[in-house]
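Here is how the chains run, residue by residue.
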Amino acid sequence: MTTSTSPLAHRQIALVDLLDRLLAGGVVITGDVTLRIADVDLVRIDLRALISSVNENVPSPWDEPREPREPEEP
Amino acid sequence: MTDATNVTDPTDTADPTRTAEATAAAGATTATGTLEYAYAVVREADAPHAALERVRGVAGEPVRAVRHLGLAVLAGPVPAADFDEGPLRERLEDLTWLEGVARAHQQVVDAAGADTCVIPVRMATVCRGEEGLRRLLASGRDRFATALDRLEGRVEWGVKVYAASAPAAEPSAEPSAASSGRDYLRRRSAQRRASEQRWEHTEEGARRVHETLAALAEGARLHPPQDVRLSGEADRNVLNAAYLIPHEESEAFAHRVGELAGLETALRLELTGPWAPYSFVAAEGNGRAEP
């Protein structure tokens, strides 16, 4: 029953709200980039779970079909 | 950094394979090998100046507008040691580092978006050199123009709905000699029904909230409910939505959220924003699925 209506500028934004937008929103650029975050095969399970929790089921329609990618050697 | 020009870059048509090979061979030390982190795309005429002077990018670097074809991409040079493919892949595993990048990225987008329409770029988009940034603008020209037209004057508000904490478990009947296995099962079954009912009410409430707010919005997008490990919230997140609202209607929207919070006593609502329209850069009609 509580709402927090303070503008973003007035308080620290929760990281999880930020990641919802930065990892699942925004324009996906394909092609001439060093790395697409969607392609990152995270090694650490906890972080992978965390990122997939905001990333999955919300593919950008601008995103190209995801190519299976060989895991990179560290 | 030199200013970008509108001269068509001859490498626009270069074979990307050859370019990549050349870049790899030359390493990141050549002029074209400079890595550029992209934050957002704006109309060239709207490219902010003063706002960018007040912020630093993800590597503490200055951010400027690189112009091409009537558009501009806000970008800053970042060190290959952190942002080339291999190191970036590793760095992304580090939540502290990830958070720093996310916050810096958001601050650049926020500063630029304060008085102009911005199309945020997905986090960790790193191009090779200004040529790479110009190719980014060239290849996405039509969709950037469409998105800028669609999102001009709009902001994103986030609304999360949580199931308010369940009432404390009813004190179970005193175990007594009369308490049979059947009594126990009956009690358990009643508790389960109560819990299911509470859950149904929560879902119905969340749906009412979403339908009410989506009707006020030009667009709605549902993010997956947040993981408690990330949010640190004790209550279960049942709706994690973003709404696209004309800037001047923000106050009315926030007011409506407050009213809904008062009506839906079984729920806890949380409002965040205004955000740059991160969740709405995608084409119209996307993400409008009902919960």
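What counts and how
- Residues numbered from 1 in each chain as written.
- Chains lettered and ligands numbered in written order.
- Predicted model: local features only at pLDDT ≥ 70, side-chain atom pairs only at ≥ 80, totals over all residues.
- Heavy atoms only, no water.
- Domains from an automatic or database assignment.
- Contact = heavy atoms within 4.5 Å.
- Buried area = accessible area lost by both parts, 1.4 Å probe.
- Salt bridge = Lys/Arg side-chain N within 4 Å of Asp/Glu carboxyl O.
- Polar contact = N/O pair within 3.5 Å; in protein donor to acceptor, adjacent residues only side chain to side chain.
- Helix = DSSP H or I, 4+ residues; strand = E, 2+ residues; numbered from the N terminus.
- Patch = residues over 30% accessible without salt bridge, like charges linked within 9 Å, V, L, I, M, F, W, Y side chains within 5 Å.
- Areas by Shrake-Rupley, 256 points an atom, 1.4 Å probe, with all protein chains shown as cover.
- Lys, Arg positive; Asp, Glu negative; His and termini not counted.
- Charge placed at Lys NZ, Arg CZ, Asp CG, Glu CD.
- Buried < 20%, exposed > 50% of the residue type's maximum accessible area, 1.4 Å probe, protein only.
- Axes fitted to C-alpha atoms, helices over the stretch in contact; angles between N-to-C directions.
- Parallel < 35°, antiparallel > 145°, perpendicular 65-115°, else oblique.
- Left-handed = near helix turned anticlockwise from the far one by under 90°.
- Nonpolar A, V, L, I, M, F, W, Y, C, P; charged D, E, K, R; others polar.
- Expected span 1.5 Å × (residues − 1).
- Arc of directions from axis to C-beta.
- Phe/Tyr/Trp six-rings, centres within 6.5 Å; stacked < 30°, edge-to-face > 60°.

Describing the domain arrangement of chain B
All names here are of chain B.
No. 1: Domain annotation of chain B identifies domain 1 (32–151) and domain 2 (154–280).
No. 2: Put simply, the middle of domain 1 and the middle of domain 2, counted by C-alpha atoms, are 35 Å apart.
No. 3: Listed as interface residues are six residues of domain 1 and, on the opposing side, seven residues of domain 2.
No. 4: Taking both partners together, domain 1 and domain 2 bury about 720 Å²; carbon and sulfur atoms supply 59% of that area.
No. 5: Applying the counting criterion to the domain 1 and domain 2 interface returns zero salt bridges.
No. 6: One can count two residue pairs in polar contact (both at pLDDT 80 or more) joining domain 1 with domain 2.
No. 7: When residues of the side of domain 1 that touches domain 2 are traced back to their parent elements, those giving at least two are α5 (95–113) and α7 (141–151).

A look at a negative patch on the surface
All names here are of chain B.
No. 1: Among the surface-exposed residues, E196, E200, E203 and E204 lie close enough to one another that they form a single negatively charged patch.
No. 2: Tracing the backbone shows E203 in helix α8 (residues 181–216).
No. 3: Under the relative-accessibility criterion, E203 is labelled partly exposed at 41%.

Considerations on the side chain of N237(B)
No. 1: Inspection of the secondary structure puts N237(B) in strand β8 (residues 237–246).
No. 2: There is a polar contact of 3.0 Å between the side chain of N237(B) and the backbone oxygen of V161(B).

Side note on the packing of helix α1 (residues 15–24) of chain A against α5(B)
No. 1: Between α1(A) and α5(B), the least distance of the axes is 10 Å, while the angle of their chain directions is 70°. When the axis of α1(A) is compared with that of α5(B), the two are roughly perpendicular. The chirality of how α1(A) crosses α5(B) is left-handed. For the pair α1(A) and α5(B), contact is made by L15(A), L18(A), L19(A) and L22(A) and by L95(B), L98(B), E99(B), A102(B), R103(B), H105(B) and Q106(B), respectively.
No. 2: Taken together, the residues that form the contact of α1(A) with α5(B) break down as seven nonpolar, two polar and two charged.

Remarks on helix α10 (residues 250–263) of chain B
All names here are of chain B.
No. 1: If you check α10, its first and last C-alpha atoms are 20 Å apart, about what 14 residues at 1.5 Å a residue would give, namely 20 Å.
No. 2: Taken together, the buried positions of α10 are occupied by S250, F253, A254, V257, L260 and A261. Each buried residue of α10 lies within a common arc of 115° when the element is viewed along its axis, so the set occupies one face. Set apart from the buried face of α10 by more than 90 degrees, the exposed residues are E251, A252, H255, G262 and L263.

Quick word on the packing of aromatic side chains
All names here are of chain B.
No. 1: In this structure the tally under the stated criterion is five aromatic pairs over all chains.
No. 2: Both rings, one in Y243 and one in F253, keep their centres 5.6 Å apart while their planes meet at 50°; by these two values the pair is tilted. On the criterion of sequence distance, the pair formed by Y243 in strand β8 and F253 in helix α10 is long-range, its members being 10 residues apart.
No. 3: Assessed through its relative accessible area of 0%, Y243 is described here as buried.
No. 4: By relative accessible area, F253 is classed as buried at 2%.
No. 5: A ring pair is formed by W275 and Y278, whose centres lie 6.3 Å apart and whose planes are at 80°; its orientation type is edge-to-face.

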